[in-house]
Amino acid sequence: MRVLFVSASPIQKEISIGNTFLNLFAEQENITLASVYTRGGVPDAAISQAFCLTDAMLVKNLLRKTPVGKTVPCGTTEERTAPPAQDSSKLARFMKHSRLSIFFWAQDLLWRVGRWKSPELQKFVEDFQPDIVFTVLSDSPFLNRLILHIVNCSGVKLALYAWDNNYSFKMFSLSPFRWIRQACNRVSMRKVAAAADMFYVISEVQKRDYEKAFQKPCKVLTKCADFSEPPQFKTVYNAPLQMVFTGNLGLNRWKSLSYIVDALKTVNQNGVKAQLKIYSATPLTAKMQKALQAEGSVRFMGSVSAKEIPQIQANADVLVHVEAMDLKNRLAVRQSFSTKLVDYFKAARPIFAVGPRDVASVSCLAEHDAAIVASNKKEVTEKLTQLTENPSLCAEYAQKAWQFGAQNFEQRVVQPSFFTDMESLIN
């Protein structure tokens, strides 16, 4: 089976979209993966060949008529397995964090006038000869046009995967330009959804919403893990208790994480009973640094490679999951299920979750009692105090987390069903 991924970011384990895509196709024979992507970077070593075309290439083509797109060299190198690089320029960082509509419109205009339908792209697709195009439901009109172009060029079936709340009008913004942009984005998203031969979603909430919106059946699909081996539960927990967060601090997740930091200041007043280590590639602003600072209680560890994460999680006593409390970001992740939770379940460690209970990931944990869940500052302090004063809670919730993972995300169940779908598309 030859699968062609189309995405904005390069397919890497450190990036959520790449982590999930690679996980679904992991450890399978006779699978060849290729990638077309639109940002700088190098794909994971599991990708056999890749084609990159970026905004900068389009600008150079318009000015100097240089080729648009290049084939990325294959093979395992240090560069391919390194953590993703951060945007180097101040302008790039500003555009990424401000997310002003004018920047998105300028980018879309560039792709409308740019000559990205190049002979190089055509040759790459024809040479790879995919059986399936597998991609994410994006709210970027230019990426959606690229997806449809590749599907038309290859003549193969399209498998679509959605996990962000990027289609709904259930969002918060005071900018009229943001609402106009959302309306425009939805047009291109409907075209891709209409072309999809298989439509996956990340949660039951999203399944209900998208089946109604697009009038076509959707299947819930998540990252999976091998739960066949006996769990490695801890028999002795550290003193002080070691809490670990791994993941993205964007969308105001850092503010929810700061609730834990403030709670630790209270819990550790008469001696350090718990400590928090934060592993994240998210660059910290001065405001974030101040909010996540508590001497002796909190350490920001920065970015690490995907290879190191399992051992970091295994060494932890408690794994932390957070979602934003504010209305804007709560609506943004309302339908989403965090991919790292499957890693947490597999690690057989208790989960301490902070976030609103109407968000899919927190709702799932609370509904199945698979984590210690707190939804406001008072609850965070109360439940963290209980956890430090009653160590048996760690063993209890480690068991609950692992059992929930084994029942719902077992690789031997998820993958065969997924590959049956893929084979049915090919045949």
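Computed from a predicted structure; not experimentally measured.

A.B. asks: Tell me about the overall build of the chain, and please be specific about residues and values.
C.D. replies: Summing up its helical and strand segments, the chain has 18 helices and 14 strands in all. With respect to the principal axes defined by its C-alpha atoms, the chain has extents near 70 × 45 × 45 Å. Here the chain holds 427 residues, and 52% of them are scored as buried. Contacts in the chain between residues at least 24 apart in sequence constitute 74% of all its contacts with a sequence separation of at least 6.

A.B. asks: So what's going on with the pairing of strand β1 (residues 2-7)? Which residues, and what values?
C.D. replies: Taking burial as the measure, the six residues of β1 include five buried ones, the bulk of the element. Across six bridges, β1 lies against strand β2 (residues 32-37) in parallel orientation. Opposite F5, over in β2, you have S35 as the bridge partner. Traced from β1 through helix α1 (residues 16-24) to β2, the parallel crossover comes out right-handed. Bridge count between β1 and strand β5 (residues 132-136): four bridges; the pairing is parallel. Within β5, the residue paired with F5 across the bridge is F134.

A.B. asks: I'd like to hear about the environment of T282, residue by residue, with values.
C.D. replies: Tracing the chain through its elements places T282 in the loop between β10 (274-279) and α11 (286-291). For T282, a relative accessible area of 14% corresponds to the buried category. In the structure, T282 is positioned 34 residues away from N248 in sequence and 6.0 Å away in space, judged by C-alpha atoms. Those residues within four positions of T282 in sequence are excluded, and the remaining contacts are N248, L249, G250, M288 and F300. Within the structure, T282 has its side chain in polar contact with the side chain of N248 (distance 2.9 Å). Separated by 3.0 Å, the side chain of T282 and the backbone nitrogen of L249 make a polar contact.

A.B. asks: Requested: an account of the packing of aromatic side chains, with residues and values cited.
C.D. replies: Here the distance between the centres and the angle between the planes together describe a pair of aromatic rings. Per the stated rule, a full pass over the model turns up 29 aromatic pairs. Between F134 and F418, the ring centres sit 5.9 Å apart and the planes meet at 85°, which makes this aromatic pair edge-to-face. Residue F134 is found in strand β5, and its partner F418 is found in helix α18 (residues 411-426); the two are separated by 284 residues along the sequence. Centre to centre, the rings of F345 and F409 are 5.6 Å apart; their planes meet at 25°, and the pair counts as stacked. Here F409 lies in the loop between α17 (392-408) and α18 and F345 lies in helix α14 (residues 340-347), a separation of 64 residues in the sequence. F345 gets classed as buried once you look at its relative accessible area, which sits at 0%. One Lys or Arg, R181, reaches over the ring of F104 and ends 4.1 Å from the middle of that ring.

A.B. asks: Before we move on, can you summarise the sheet that holds strand β9 (residues 241-246) with the specific residues and values?
C.D. replies: The parallel open sheet is built from six strands, whose spatial order is β11-β10-β9-β12-β13-β14. Of all the strands in the sheet, just β11 (298-302) and β14 (372-374) have a single pairing partner and so form its edges. Direction aside, the axes of adjacent strands within the sheet are offset by 25° on average.

A.B. asks: Could you give me a rundown of helix α5 (residues 101-113), with the residues and numbers involved?
C.D. replies: Across its 13 residues, α5 extends 19 Å between first and last C-alpha, which sits within 8% of the 18 Å expected from 1.5 Å per residue. When α5 is considered as a whole, its buried residues turn out to be S101, D108, L110 and W111. Lining the buried residues of α5 we find α2 (55-64), α7 (141-154) and α8 (176-195).

A.B. asks: Can you explain the nonpolar core? Please cite residues and give values.
C.D. replies: Ranked by size, the top nonpolar core spans 137 residues in total, and within it F25, F134 and I260 carry the most contacts. Counting residues per element, this core draws most heavily on helix α10 (residues 253-267), at eight residues. Once you skip the residues sitting within four places of it in the chain, I260 turns out to touch M243, L276, V320, V322, F352, V354, V380 and L384.

A.B. asks: Outline the sheet that holds β5, listing residues and values.
C.D. replies: One open sheet accounts for eight strands, arranged β4-β3-β2-β1-β5-β6-β7-β8; its pairing is mixed. Of all strands in the sheet, those bounded by a partner on one side alone are β4 (70-72) and β8 (219-220). With four bridges joining them, strand β6 (residues 157-162) and strand β7 (residues 198-201) adopt parallel strand pairing. Bridge pairing links A162 to V201 in β7. Relative to β7, α18 is tilted by about 155°, and along the sheet it contacts β5, β6, β7 and β8.

A.B. asks: Residue-level account of the confidence of the model for the chain, with values.
C.D. replies: Within the chain, residue pLDDT values average 92, and 94% of them lie at 70 or more. Segment residues 77-88 is flagged for pLDDT under 50; beyond a separation of four residues in sequence, or across chains, it makes 27 contacts in the model.

Calculation rules
- Residues numbered from 1 in each chain as written.
- Predicted model: local features only at pLDDT ≥ 70, side-chain atom pairs only at ≥ 80, totals over all residues.
- Heavy atoms only, no water.
- Helix = DSSP H or I, 4+ residues; strand = E, 2+ residues; numbered from the N terminus.
- Buried < 20%, exposed > 50% of the residue type's maximum accessible area, 1.4 Å probe, protein only.
- Contact = heavy atoms within 4.5 Å.
- Pairing = 2+ DSSP bridges.
- Right-handed = clockwise from strand over helix to strand, strands pointing away.
- Polar contact = N/O pair within 3.5 Å; in protein donor to acceptor, adjacent residues only side chain to side chain.
- Phe/Tyr/Trp six-rings, centres within 6.5 Å; stacked < 30°, edge-to-face > 60°.
- Lys NZ or Arg CZ within 6 Å of the ring centre and 35° of its normal.
- Axes fitted to C-alpha atoms, helices over the stretch in contact; angles between N-to-C directions.
- Expected span 1.5 Å × (residues − 1).
- Core = buried A, V, L, I, M, F, W, Y, C linked by side-chain atoms within 4.5 Å.
- pLDDT = per-residue confidence, 0-100.

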